[in-house]
Structure formats: C-alpha cells, structure tokens
Amino acid sequence: MNRGLKGVFCYDEPVLIDEQGRYYSSTMNSGGFEKYFQLVESLIICMPSKFIESSERLTEYNELAVGKFELKSVQDVSTLRNFLFERRQLKKQVAHILEDADILIVRLPSLVGYMAIDVARSMGKPYLVEVVECAWSSYWHQSTQGKLAALPNFLMMRRRVRQASHVMYETEQYLQQRYPSNGSMLSCADVHLPDSDELVHIQRDIKIARRHLREPIVLGSVMPGDVKQKAQLDVLEAMARLKEEGYRFRFKLVGDGNQQYLRKQVERLDLGSEVEFLNLLSQDEMINFFDEIDVYIQSSGMDGLPKTMLEAMSRGCPTIGANVGSIPELLEPGAIYKVGEIEGLIRILRESVDKDWMYEMAKVNFKKARYYESERLAIVREACYAEVRSVCFGE
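Just so it is clear, the structure is predicted and the values come from calculations on it, not from any experiment. (Residues numbered from 1 in each chain as written. Predicted model: local features only at pLDDT ≥ 70, side-chain atom pairs only at ≥ 80, totals over all residues. Heavy atoms only, no water.)

## So, the packing of helix H9 (residues 232–244) against helix H10 (residues 260–268)
Running from amino to carboxyl end, H9 crosses H10 at an angle of 10 degrees, the nearest separation of the two axes being 10 Å. It follows that H9 is roughly parallel to H10 by the angle criterion. Only Tyr261, Leu262, Gln265, Val266 and Arg268 of H10 make contact with H9, whose side of the interface consists of Gln232, Leu233, Leu236 and Glu237. When the residues that make up the contact of H9 with H10 are grouped by side-chain class, the tally is five nonpolar, two polar and two charged. (Axes fitted to C-alpha atoms, helices over the stretch in contact; angles between N-to-C directions. Helix = DSSP H or I, 4+ residues; strand = E, 2+ residues; numbered from the N terminus. Parallel < 35°, antiparallel > 145°, perpendicular 65-115°, else oblique. Contact = heavy atoms within 4.5 Å. Nonpolar A, V, L, I, M, F, W, Y, C, P; charged D, E, K, R; others polar.)

What follows is the structure, given as structure tokens:
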C-alpha cells in the first residue's frame, strides 16, 4: 500500500561498481533495501560510489539487485577535508535529488544522512530516521582522527534524531536512551533472520548431549581481524589462562582484514594448535559454522545490535558477550561479562563446559532470536510506515 510514493535513501557507505556495471556493498544487501518498498513504490539510493576491478575479491561483498532501485552517486564527505570543503556541493546534489521525492529515508550515523536531513527540513520534505549504531562508539574506536570526530558526530546525530517525527531503532533500549526523539519511536531491527524451525533447537540439544566431556569446547567468533577494539585478544588471554588450569578450548575466528597482530598474540600465548583463522564465509557456510561450534563469543566493545550474534542465537548456539551496546538486551546475565574484564570472561568460560549451562543458554537464545524473525519485524515495520504515509499524504 505504498500508493506511488517516491523515496530517497541516504547513507555514507560507498556503493562499489565493477566494469560490468554491477553494484556491491560490504554491509548492505538487496534484502536490506527490499523492506523500503513496503513504504515507497520507487527508490533512489543516494550514496557515494567508487569503481573496483573485477579481479578484486568481490565474493567478500554483497551484490545489489540493480533493477530494484536507481543509484545517484553523491559527494563522499567521510574525510575531514571533504566534510569541510565539499558539503556545500553535497547539499546541492541532495536537494536536486529530493525535488521530485515524497520522502527521505536516512540511516544514522551518517555524514551524508545529517546533510540530507538538513536539506529535507529546509524543503519541507518528510523524512524517516533509522538509528543503527552509536555515533560516539563507531568513531571513538577508530584512529586518533576518529576520536576527534566522535563528539561532533554524537552531537550532530543526537540533535537530528531528537527533531525527527519518526525514528526506527535497531535496539530495544540502548540506542533509544542515547538518541531520544520528540517524535514517534519504534524498535525494529534491520535483520533478516529466517523463521525458526524447532528442529534447529532439537539438533542443538542432540549436539550437546553427544559431546564427550574430554572433547575441547569449540568457541567461535566473526569479526574483522585487524580491529583491535573487537577484543579478540581478551578471548585469547582467557584461553591461555584456562589452558594452564587444564581446560581445553579451541577458537575459530572468521573475518577479513590484516590478522598479523592477532597471529602474533596467538604465538606469544602458545595457542597455535588451539586457534584457527578462517576467511569470510558464504551464508550457507555461516550456518554450518554456527552449527559446528559449541559457544559463540561476542567480545566487541563497540556494537549496537550485533547481527552475527543474533544469527548464532537463531541456530540455538550458546553465546557469551561483553556488556556493551544492546548485548545485555539479548543475552542472559550469566553469559555477560564486563568488557575488558578477563576474569569475568574466564568465569563464564569455566561454566560453559557444563552441559546444563549449554542446554539453558541454547534454549533461551533460540527463543530470543525468534523475536527478530523477518515476518514479525515486517509487521512492526508496517505499523511505522503507515504513520509515515499519513504524514506524506497529509491524512
């Protein structure tokens, strides 16, 4: 029931274009755009773009369905220089694209999104804000330049979210508390979990029952190998300590990026035979990965809603996480440790060898993940879109 609305979507992440004119993204996929067609009939994607060689590792990116939308490339203002000197040009580009549009959709944090909101407000265009991450955390955990940008971005995002008439949040509480709005606030995560099959939970219980007590516990994690704030080192340190106590763990790390730093830490801690580095996996391979491991660990210190962790939970996988972002909303208290506190992580890892702990965590995680099934979220999203449509049509 989109009634012919024309929408414009704005975000910072560059769309990658190869020689054949195919579009790719490192974090978004066609399914992520598909939901907007619940609200609009046509959609223009307003994002920076850059060309890549077909010889590059395109399998690590998601191919975007060209026929679903139209791409309008805009100025990249991700660098300080471009933000200072090119934002006027960006606003002109966005204003031109918005002229024939009925509504703007922005995903924050995003410098392009902040500028687009300002343009939409000046033109009297309605807009919908999606809050997917904390601006402070996403910048603070980067380089020195990122730390300098953290506070300005936090303030820019906080002000624009507060002014928005309709805001959709990834989390249930965390982002709402950091970025409150005077308008309508709705929790609706941008995840695409398939509807749960009870057989998945049964198979996990069978896996736990069959595990021999002398077998090592297989831990798993999916994170970039070169992002130190993801705190994989905490897991390695905990494993080394527990190894001295006689516990047996293995750790499988899935991710891209330069892993040299972590590999040196593995060598330093004498964990060469216990740690395995894996490249990025396909969707089917990821399902097999979650089904093969015993415990998933989310040691990140900067997440909003950790989607990969939710995918693990949807496979009934016992999960451990740090007390950051929305992780405390998703996991049981007995599976959460204070970020950076290795003693707390060690305590939970000791408990994780117990089958009763595994059974309980598998049960509650599988049940919690069902809250994020695509069908249920589509219903919640439609309720918000109905309100937005009434604004667009002055109803």
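Picking up after the structure, the text goes on.
## Some details on the sheet that holds strand S5 (residues 49–51)
By way of backbone hydrogen bonds, the strands of a sheet pair with one another, either parallel or antiparallel. The strand order across the open sheet formed by four strands is S5-S2-S3-S6, and the pairing between neighbours is mixed. On the outer flanks of this sheet lie S5 and strand S6 (62–64), each paired with one strand and no other. Each neighbouring strand pair of the sheet contributes to a mean axis angle of 35 degrees, computed without reference to strand direction. The sheet contact formed by strand S2 (residues 15–17) and strand S3 (residues 23–25) spans two bridges and is antiparallel. Bridged to leucine 16 within S3 is tyrosine 24. (Pairing = 2+ DSSP bridges.)

## Overview of the nonpolar core
Phe9, Phe33 and Leu219 are the most contacted members of the largest nonpolar core, which totals 86 residues. The element that contributes the greatest number of residues to this core is H9, accounting for seven residues. Beyond its immediate stretch of four places on either side in the chain, leucine 219 contacts Val235, Met239, Phe249, Arg250, Phe251, Lys252, Ile293, Val295, Ile297 and Leu349. Counting residues in each nonpolar core, the second largest holds 40 residues, with Val77, Leu90, Ile97 and Tyr127 among its members. (Core = buried A, V, L, I, M, F, W, Y, C linked by side-chain atoms within 4.5 Å. Buried < 20%, exposed > 50% of the residue type's maximum accessible area, 1.4 Å probe, protein only.)

## Observations concerning the sheet that holds strand S4 (residues 42–47)
Read across the sheet, seven strands follow the order S7-S4-S1-S8-S9-S10-S11 without closing on themselves; strand pairing throughout is parallel. Of all the strands in the sheet, just strand S7 (70–73) and strand S11 (184–187) have a single pairing partner and so form its edges. Ignoring strand direction, the axes of neighbouring strands in this sheet form an average angle of 20 degrees. Taken together, the four bridges between strand S10 (residues 166–169) and S11 define a ladder with parallel strand orientation. For valine 167, the partnering residue across the bridge sits in S11 and is methionine 185. In the packing of helix H3 (residues 87–98) onto the sheet, the strands contacted are strand S1 (6–10), S4, S7 and strand S8 (103–108), and the crossing angle to S4 comes to about 175 degrees. Here helix H6 (residues 144–163) sits on the sheet and contacts S8, strand S9 (127–131) and S10; the angle it forms with S9, its principal contact strand, is near 130 degrees.

## Describing the state of the cysteines
Here, the word disulfide means a covalent bond between the sulfur atoms of two cysteines. This model, assessed by the stated rule, comprises zero disulfides. Cysteine 384 takes part in no disulfide bond, and the closest cysteine sulfur, belonging to cysteine 188, lies 7.9 Å away. (Disulfide = S-S within 2.5 Å.)

## Overview of helix H8 (residues 198–210)
Counted at 1.5 Å a residue, the expected span for H8 with its 13 residues is 18 Å, and the 19 Å between its end C-alpha atoms agrees. Buried within H8 we find Val200, His201, Arg204 and Ile208. Seen along its axis, H8 keeps its buried residues to an arc of 95 degrees; they face one direction. The inward-facing, buried residues of H8 contact helix H11 (283–292), helix H12 (307–314) and helix H15 (355–369). (Expected span 1.5 Å × (residues − 1). Arc of directions from axis to C-beta.)

## Observations concerning the environment of arginine 22
Counting through the fold element by element, arginine 22 comes out in the loop between S2 and S3. Judged by relative accessible area, which is 33%, arginine 22 ranks as partly exposed. Between the C-alpha atoms of arginine 22 and glutamine 265, which are 243 residues apart in sequence, the distance is 39 Å. Polar contacts involving the side chain of arginine 22 include one to the side chain of aspartate 18, which spans 2.8 Å. Among the polar contacts listed, one links the side chain of arginine 22 to the side chain of tyrosine 24, at a separation of 3.4 Å. (Polar contact = N/O pair within 3.5 Å; in protein donor to acceptor, adjacent residues only side chain to side chain.)

## Quick word on the side chain of arginine 204
Along the chain, arginine 204 turns up in helix H8. Comment: no salt bridge for buried arginine 204; closest opposite-charge side chain is aspartate 291, at 4.5 Å. Those residues in contact with arginine 204, other than ones at most four positions away along the chain, are Phe290, Asp291, Ile293, Asp294, Arg315, Gly316, Cys317, Pro318 and Ala362. (Lys, Arg positive; Asp, Glu negative; His and termini not counted. Salt bridge = Lys/Arg side-chain N within 4 Å of Asp/Glu carboxyl O.)

## Details of the pattern of salt bridges
A complete count under the given rule lists 20 salt bridges for this structure. In this structure, glutamate 170 and lysine 307 form a salt bridge, with 2.6 Å as the shortest nitrogen-oxygen distance. One end of the pair, glutamate 170, is in the loop between S10 and helix H7 (174–178); the other, lysine 307, is in helix H12, and 137 residues separate them in sequence. Judged by its relative accessible area of 3%, glutamate 170 is buried.

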